[in-house]
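This is what each chain is made of:
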Amino acid sequence: MPNQNRPRRVARPPAAVARKALPKAPTGITGFDDITGGGLPRGRPTLVAGGPGCGKTLFGLEFLMNGAVEFNEPGVFVSFEETAADLELNVRSLGYDLARLVKNKRIVVEYVRVERSEIEETGEYDLEALFIRLDDALKSVKGKRIVLDTIESLFGGLADTGVLRAELRRLFGWLKDRGITAVITGEKGEKTLTRQGLEEYVSDCVISLDHRVIDQISTRRLRVVKYRGSSHGTNEYPFLIDRDGIAVVPITSLQLQHVASSEHVSTGLPWLDEMFDQRGYFRGSSVLLSGSAGTGKTSVAGHFLDAACRNGQRALCFSFEESPSQYARNMASIGVNLTRWIQKGLLRVHAARPTLYGLEAHLATMHRDIDEFKPSVAVVDPLSSFGGGSLAEIHATLIRLIDYLKTLQITTVFTHLIPGTNTAAGIEEGVEVGVSSLMDTWILLRNTLGANGIRHLVIVKSRGMSHSADERPFTITSAGLTVARGSRAVPARSALRRADA
């Protein structure tokens, strides 16, 4: 007889059953929709919490204005602190014409004055009047989105936790019943995400914005704390607020799935192309030029930019030591005319001091420039200028930058200063292993003191490509970088030993 106590097998649902995706409302904020897989939960409330100056109000305004302009979803902005005139003036500096959207009945701005003292004195609280006002505003523009800024102004006078929780649920339920996609901003608490510590529990999606200062450099970061019914990125992501609004920098292609091209691009130096089997760099690869001061790193990179522009390709240069004018002037002294390419719009030089931003802000700015200019090649000169973080943080920033460039198939040359090198004095050269290991191609340059200005170049590695193992002598002249006359290539064993040290 069969064992009656044996547990029965439960039939599994068929694998072919399709999963219903949670409907989402795109925000139009650069990078944010990538993190959340499409935007905010449609028809549900989202809490955006953070301290002063972190970008809560701007996040809500961008969500609302992008919805009205790009996604045909009009909306209502409810302010408990700023009047409509103040809001219009504040966002105008960022290039947003809120007044035009209000005039065209795409957005309604409602200023609701709430006196906390009146709430405290009467001891009564009723949201019915607010609901009627919100309902009229939504109907006037057939609104699909709403922003409430900020929740503390609405419930700040309530000391009873039970009443506060009940009214929060009532407000969020009212928005859900009408299918309105809502963004509700909240102030950061001392030991809780929000001041009341309750809003995050009744919200379907919670976003934390943070504005911190490290070593006198400010950094803004965003984190999706929770997102009911949807997978999402859970890391802290740097974001930038500039003339174009908010831009979030997500971590891209963590699975290393970018396409590896078999095409080649010229280095700009025929004798260097020859060392790469007559072909140059792989398209979309990352190249490291390392060496001490005065070895010609920037000059090699300048020839690379010139060659790309000669072929009609866009080139982008991130310079952290020289202004665009100085960079072009210095390259002209070796016969590389970059000014004409800048004037023709084929070359853009982005110059900034490394101490101007934190690492994340630099990364966000570089992402934005890359997205706007859409270059085929890029130069970062030099990597060694980056600071404002630990070696681990700098390494993580480089990984994210290199990964993004590879995803877009942008061939990039990075220069890296090796400090304190003097081969004549017997001091060995070295380079950060963490930097060189990220690169597809590594070229090492060095000076030979007392040898009539002759420098040497060796290809330490070039993944997937046959290349010369010789140490090539060259000189820097008014006609560019040329192979030194009367010299010959020598085996690169000594240089490799110094590079591996």
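What counts and how
Residues numbered from 1 in each chain as written. Predicted model: local features only at pLDDT ≥ 70, side-chain atom pairs only at ≥ 80, totals over all residues. Heavy atoms only, no water. Helix = DSSP H or I, 4+ residues; strand = E, 2+ residues; numbered from the N terminus. Buried < 20%, exposed > 50% of the residue type's maximum accessible area, 1.4 Å probe, protein only. Contact = heavy atoms within 4.5 Å. Areas by Shrake-Rupley, 256 points an atom, 1.4 Å probe, with all protein chains shown as cover. Salt bridge = Lys/Arg side-chain N within 4 Å of Asp/Glu carboxyl O. Phe/Tyr/Trp six-rings, centres within 6.5 Å; stacked < 30°, edge-to-face > 60°. Lys NZ or Arg CZ within 6 Å of the ring centre and 35° of its normal. Pairing = 2+ DSSP bridges. Arc of directions from axis to C-beta. Core = buried A, V, L, I, M, F, W, Y, C linked by side-chain atoms within 4.5 Å. pLDDT = per-residue confidence, 0-100.

On to the overall build of the chain, then. Secondary structure assignment for the chain yields 17 helices and 23 strands. Residues counted as buried form 52% of the 501 residues belonging to the chain. Residue pairs at least 24 apart in sequence account for 70% of intrachain contacts in the chain once pairs closer than 6 positions are excluded. When the accessible surface of the chain is totalled, it reaches about 24,000 Å², and 49% of it is carbon and sulfur.

Here we come to the pattern of salt bridges. When the charged atoms of two side chains lie near each other, side chains of opposite charge can form a pair. Per the stated rule, a full pass over the model turns up 17 salt bridges. A salt bridge links Arg-446 to Glu-471; its shortest N-O distance comes to 2.5 Å. With Arg-446 in strand β19 (residues 441–447) and Glu-471 in strand β21 (residues 470–477), this pair connects stretches of sequence that are 25 residues apart. Neither Arg-446 nor Glu-471 differs from the other in exposure class; each is buried.

This paragraph deals with the packing of aromatic side chains. Scanning the entire structure with this criterion turns up five aromatic pairs. Arranged with centres 5.3 Å apart and planes meeting at 85 degrees, the rings of Phe-32 and Phe-59 form a pair that is edge-to-face. Of this pair, Phe-32 sits in helix α1 (residues 32–36) while Phe-59 sits in helix α2 (residues 56–70), and the two are 27 residues apart along the sequence. Judged by centre distance (5.6 Å) and plane angle (25 degrees), the ring pair of Trp-271 and Phe-474 falls under stacked. Of this pair, Trp-271 sits in helix α10 (residues 270–275) while Phe-474 sits in strand β21; the two residues are 203 residues apart in sequence, bridging distant segments of the chain. Overall, Trp-271 belongs to the buried group, its relative accessible area being 8%. Under the relative-accessibility criterion, Phe-474 is labelled buried at 0%. Directly above the aromatic system of Tyr-227 lies the positively charged group of Lys-24, at a separation of 4.8 Å from the ring centroid. Geometry around Phe-373 places Arg-314 over its ring, the cationic atom sitting 4.8 Å from the centre.

In the case of a regular strand, side chains alternate between the two sheet surfaces. In the sheet, strand β20 (residues 455–462) pairs with β21 via four bridges, with the strands oriented antiparallel. If you follow Leu-457 over to β21, its bridge partner there is Arg-472. Sheet analysis places β21 next to strand β22 (residues 480–483), joined by four bridges and oriented antiparallel. From the neighbouring strand, Thr-477 faces β22, where its bridge partner is Gly-480.

Listed in full, the buried residues belonging to helix α12 (residues 324–332) are Tyr-327, Ala-328 and Met-331. Projection of α12 onto a plane perpendicular to its axis shows the buried side chains occupying an angular sector of 95 degrees, all on one side. Looking at α12, the residues exposed on the side facing more than 90 degrees away from the buried face are Ser-325 and Arg-329. In the core, the buried residues of α12 are packed alongside α11 (297–310), β15 (315–319), α13 (339–343) and β17 (377–381).

What follows concerns the nonpolar core. Counting 37 residues, the largest nonpolar core has Leu-272, Tyr-281 and Ile-443 as the members making the most contacts within it. Ranked by the residues each element gives to this core, the list is headed by α11, at six residues. For Tyr-281, the residues in contact, after removing those within four places along its chain, are Glu-263, His-264, Val-265, Thr-267, Leu-272, Phe-276, Val-287, Phe-304, Thr-411, Val-413, Ile-443 and Met-465. Ranked by size, the runner-up nonpolar core spans 35 residues in total, among them Ala-68, Leu-94, Leu-209 and Tyr-237.

Checked against the element boundaries, Ala-247 lands in strand β11 (residues 245–248). Considered as a pair, Ala-247 and Thr-365 are 118 residues apart in the sequence and their alpha carbons are 8.7 Å apart. Other than its neighbours up to four places away in sequence, Ala-247 contacts Thr-30, Pro-238, Phe-239, Leu-240 and Arg-368.

Turning our eyes to something else, we now look at the pairing of strand β4 (residues 75–79). With five of its five residues buried, β4 lies for the most part within the structure. As paired elements, β4 and strand β5 (residues 107–111) share five bridges and run parallel to each other. Among the inter-strand pairings, Val-76 is bridged to a residue of β5, identified as Val-108. As paired elements, β4 and strand β6 (residues 145–149) share five bridges and run parallel to each other. Along β6, the bridge assignment pairs Gly-75 with Arg-145.

Turning our attention to unusual backbone geometry. The step from Asp-149 to Thr-150 runs through a cis peptide bond, and the omega angle for that step is -5 degrees. Relative to the elements of secondary structure, Thr-150 occurs in the loop between β6 and α7 (151–155). Not every positive phi belongs to a glycine, and Gln-409 is a case in point at roughly 60 degrees. Note on Gln-409: relative accessible area 22%, which makes it partly exposed.

In this section: the confidence of the model for the chain. Low pLDDT marks stretches whose predicted atomic positions should not be read closely. For the chain, mean pLDDT is 80; residues scoring 70 or higher make up 76% of the total. Note on residues 118–123: pLDDT is under 50 here. Beyond four places in sequence and across chains, it has seven contacts. Low pLDDT (under 50) marks residues 489–501, which in the prediction has 30 contacts with non-local residues, meaning those over four places away or in another chain.

Let's shift gears to the environment of Asp-242. Looking at the secondary structure, you find Asp-242 in strand β10 (residues 237–242). With a relative accessible area of 19%, Asp-242 lands in the buried category. When the C-alpha positions of Asp-242 and Gly-95 are compared, they lie 10.0 Å apart, and in sequence the two are 147 residues distant. Setting aside anything within four residues of it in sequence, one finds Asp-242 in contact with Leu-94 and Arg-368.

Note that Thr-234 resides in the loop between β9 (217–227) and β10. When its relative accessible area of 52% is taken as the criterion, Thr-234 is described as exposed. Taking the C-alpha atoms as reference points, Thr-234 and Arg-223, separated by 11 residues in sequence, lie 6.4 Å from one another. If we ignore the near neighbours within four places in the chain, the residues touching Thr-234 are Arg-223 and Val-224.

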